[in-house]
Amino acid sequence: QVQLVESGGGLVQAGGSLRLSCAASGNIFRINAMGWYRQAPGKQRELVAVITSGGSTNYADSVKGRFTFSRDNAKNTVSLQMNSLKPEDTAVYYCQSKVVVTTTVFERTYWGQGTQVTVSS
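Here the residue index of a chain counts from 1 through its sequence in written order. Reporting in this predicted model follows two pLDDT cut-offs: at least 70 for local features of residues, and 80 or more for side-chain atom pairs to be given and counted; totals over whole chains, interfaces and linings ignore these cut-offs and use all residues. For side-chain calculations, the full set of non-hydrogen atoms in the structure is used, while hydrogens and water are omitted.

Chemist: Account for the pattern of salt bridges, with residues named and values stated.
Modeler: The working definition used for a salt bridge is a side-chain nitrogen of Lys or Arg within 4 Å of a carboxyl oxygen of Asp or Glu. A complete count under the given rule lists 4 salt bridges for this structure. Residue Arg38 is joined to Asp89 by a salt bridge in which the shortest nitrogen-to-oxygen separation is 3.0 Å. Here Asp89 lies in the loop between strand S8 (77-82) and strand S9 (91-101) and Arg38 lies in strand S4 (residues 28-39), a separation of 51 residues in the sequence. The two residues Arg38 and Asp89 agree in class, both being buried. Lys64 serves as the salt-bridge partner of Asp61, at 3.0 Å between the closest nitrogen and oxygen. Judged by relative accessible area, which is 64%, Asp61 ranks as exposed. One salt-bridge network, held together by shared partners, links Arg38, Glu46, Arg66 and Asp89. Numbered from the N terminus, helices here are DSSP runs of H or I no shorter than four residues, and strands are runs of E no shorter than two. Remark: exposure states derive from per-residue accessible area (1.4 Å probe, protein chains only) relative to the maximum for the residue type, with buried under 20%, exposed over 50%, and partly exposed in between.

Printed below as a string of structure tokens:
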């Protein structure tokens, strides 16, 4: 099994910053992609950002220019730097990993437990 450990959530004032981190561990052969999703109260989970094994990133329109996704391949960790936070960014943020485990050639998807981000006005 692959485990994703998230950290960095918390309470921040509008305009402030937070940095989320996610570390992947387990029987991993290759990480194909990592992503951040979020789910606000009463809303469906939505994609925030993704990063591929090649290092390319893609962001939701709502966070472009404010959030930055980075990775450390050697440590199988990724970070999401969130700047200029808005109240509408309030949500539970989930780390996702698409990996090939050593026991199979097929890609599998794993999720972290989620970390709460609350932005007050």
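Chemist: Before we move on, could you go through the environment of Tyr37 and cite the residues and values that matter?
Modeler: Within the secondary structure, Tyr37 sits in strand S4. In this structure, the C-alpha to C-alpha distance between Tyr37 and Tyr93, residues 56 residues apart in sequence, is 5.6 Å. The residues contacting Tyr37, other than those within four sequence positions of it, are Arg45, Glu46, Leu47, Val48, Val92, Tyr93, Tyr94, Gln96 and Trp111. Whether two residues are in contact is decided by their heavy atoms, any of which lying within 4.5 Å being enough.

Chemist: Explain the side chain of Glu6 residue by residue, including any values.
Modeler: Its location among the elements puts Glu6 in strand S1 (residues 2-7). Only four residue types enter the tally: Lys and Arg on the positive side, Asp and Glu on the negative side, with His and both chain ends excluded. This buried residue, Glu6, is left without a salt bridge; Arg45 holds the nearest opposite charge, at 8.9 Å. Polar contact is the term for a pair of N or O atoms within 3.5 Å; when the atoms are in protein, one must be able to donate a hydrogen and the other to accept it, and sequence-neighboring residues count only if both atoms are side-chain atoms. One polar contact links the side chain of Glu6 to the main-chain amide nitrogen of Cys95, over a distance of 2.3 Å. At 2.5 Å, the side chain of Glu6 and the backbone nitrogen of Gly114 are in polar contact. Ignoring sequence-local partners within four residues, the contact set of Glu6 consists of Ser21, Cys22, Trp36, Tyr93, Tyr94, Cys95, Gly112, Gln113, Gly114 and Thr115.

Chemist: Any details on unusual backbone geometry? Residues and values, ideally.
Modeler: In this structure, Asn76 is a non-glycine residue whose phi angle is positive, near 55°. Tracing the sequence through the fold places Asn76 in the loop between strand S7 (67-72) and S8. Owing to a relative accessible area of 26%, Asn76 belongs among the partly exposed residues under this scheme. Positive phi outside glycine occurs at Ser84, with the angle close to 50°. Relative to the elements of secondary structure, Ser84 occurs in the loop between S8 and S9.

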